[in-house]
Amino acid sequence: MKRMKKVFAVLLTLAMVLGMSITVFADLGTAAISVNGAKEGTQYQYLQLIKPQASEPTGWEFVNNSVAGNFTTALGVSDVQQAIWMLIKSQDSTITKPEGVTAATEDQIKAAITNVANSGYALSEPASTITVNDAGMYYIRATAQGYTYNPMAAYVSFGYTGGVPSGLHTEGVTAKGTEIKTEKSSDEADSVTEIGRIETYYVGSIVPFVPTSDSNRKYIVKDEITGGAAYEAKDGKMSLTVYYGGEGTTLEDLIASVKSENPPAAGDTFTIDVTGSSFTADLSAILANNTHANQPIVITYQAKVTDVTVGNNVSIGDGTNDSQFGSGSDKLFTGEITINKKDSSDQNTPLEGAKFLISKGTENSKEYAKFDANNKFVEWVTVESEALYVVTGADGKVKVEGLDEGTYHIEEKVAPNGYSINEEIEDVTLSVEGNKATAVLKAEREVLDTKLSSLPSTGGIGTTIFTIAGCLIMVAAAGLFFASRRKSAK
């Protein structure tokens, strides 16, 4: 805006000179308007807005009534010369005449240039340089792949020799451009999640400046989940929440603010259609009047994690070029633990059929992991009986998947036949190497079981000898009985 203000800084002086030297203006050569700070390869188009006119009180006039209307509307006046005086006074507060005319504000000047940009005037052909042959004020439109620029205004003044205009002079203009980048992220700063968790996704980008006169003013967001998650939709509908950053706010700052415990107020909410694992959302209303042009934006929505990894891609374009306004991707990972059950006396012998329970937390706040038939995490429960055991296979191993980073307890609840339960299993920790996970977190715990010892024999010499002795006693008793009967008979 400071550069644009200079457009009017020389207007008053020029007005005084114009009346004396208008006849020599026809052959003052050309001026090359340089655009500082623009990306290499940027193309420019321009339109003259104000030109010299010695017969007017200010010494200047708008090139046509339509352009004049762009300024008078923004400045809130009806007289075109009053509008020019307002522009002049915005640069020099010492000017007191004409009385009753106030200086134009920065917001008014910006609105006037935006009006011009939105009006669809025929501009010069795109070129890498700007060369003009008249003094005055010029609107400049800059375009570059992957960049968005604010509408610019440059001025061309007169150079003097001996007090007489002898050429055209310009200091150029500084471009205010922003790289159109799109970033995709989630609640998980380290990219680790767990199955069943509802994640909030964040799409951060820069809103491009698209003149309202352009034939295709679309802002289309395309998103696709490549696996491992499902949008939080109901009856095929889902909400997108939009947050806007004001002028001077960086995209990084806005994303951090939206993710914080005290996010800014949401700007808009869109209800969109979701088809399977993708959606295409027409958010063209964001471009309305270019209110948010060149400012950061964050779009949020939610999805539920359903598998061990989650891929997600997003692109923003005008409907014909999907990535015209940038693209981004995000990937989330979970963790897995492998329990390897072996015979303590022969560690080449795997043990099948050992049953384990996975838990986390302290004794006073312990939670137990519930897994599905494929040993993928389902949910945490607080009652042990509601959890499910995981069982080692023929190779002595069992792998559980879909866990978040953290420390987990492993409890052997049932040992294989002929073995004792190992009650001293060391905890397992799933952790990220570096700042972000780039693959599934993995950990393994070897558990050794001991064979049960043979039970000792019990009792004395056994019952056989007593059985034989008893039989002998009974035979002897029978013999004595019959012998006594014979004796009695005699």
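Note that this is a predicted model, so its numbers are computed, not measured. (Residues numbered from 1 in each chain as written. Predicted model: local features only at pLDDT ≥ 70, side-chain atom pairs only at ≥ 80, totals over all residues. Heavy atoms only, no water.)

Engineer: What am I meant to see in the pattern of salt bridges here?
Structural biologist: Charged atoms that come close allow side chains of opposite charge to pair. Counted under the stated rule, the structure contains 23 salt bridges. A salt bridge links K222 to D322; the shortest N-O distance between them is 3.3 Å. Within this pair, whereas K222 is found in strand 14 (residues 220–227), its partner D322 is found in the loop between strand 20 (309–317) and strand 21 (327–333), the two being separated by 100 residues in sequence. Here K370 makes a salt bridge to E379, at a shortest N to O gap of 3.8 Å. Owing to a relative accessible area of 37%, E379 belongs among the partly exposed residues under this scheme. Sharing partners across several salt bridges, the network here consists of E363, K366, E384, E411 and K413. (Salt bridge = Lys/Arg side-chain N within 4 Å of Asp/Glu carboxyl O. Helix = DSSP H or I, 4+ residues; strand = E, 2+ residues; numbered from the N terminus. Buried < 20%, exposed > 50% of the residue type's maximum accessible area, 1.4 Å probe, protein only.)

Engineer: How do you make sense of the pairing of strand 13 (residues 198–206) when you look at a structure like this?
Structural biologist: Taken across its nine residues, strand 13 has eight buried, putting it largely inside the fold. Pairing between strand 12 (residues 183–186) and strand 13: four bridges, direction antiparallel. In the strand pairing of strand 13, E183 is matched with G204. Summarising the sheet, strand 13 and strand 19 (residues 296–305) pair through nine bridges and their orientation is antiparallel. In the sheet register, S205 faces strand 19, and the bridge partner there is I297. (Pairing = 2+ DSSP bridges.)

Engineer: Is there a simple way to think about the sheet that holds strand 30 (residues 441–449) in this case?
Structural biologist: With mixed pairing, three strands are arranged side by side in an open sheet as 27-22-30. Edge positions in the sheet fall to strand 27 (397–403) and strand 30, since each of these pairs with one other strand and no more. This sheet shows a mean twist of 15 degrees between the axes of neighbouring strands, independent of strand direction. The pairing of strand 22 (residues 335–343) with strand 27 spans six bridges and is classified as antiparallel. Looking at the pairing, T338 lines up with K399 of strand 27. (Axes fitted to C-alpha atoms, helices over the stretch in contact; angles between N-to-C directions.)

Engineer: Please explain the nonpolar core as it appears in this structure.
Structural biologist: Taken as a class, soluble globular proteins show a tendency for nonpolar side chains to be buried jointly. Residues Y219, L240, F279, L283, I286 and L403 are the most contacted members of the largest nonpolar core, which totals 59 residues. At five residues, the largest contribution of residues to this core is made by strand 19. When residues no more than four places from it in sequence are discounted, the contact partners of F279 are V221, K222, D223, Y231, M238, L240, I272, D273, V274 and Y301. If you look at the next biggest cluster of nonpolar residues, it comprises 51 residues, including L28, A104, V132 and M152. (Core = buried A, V, L, I, M, F, W, Y, C linked by side-chain atoms within 4.5 Å. Contact = heavy atoms within 4.5 Å.)

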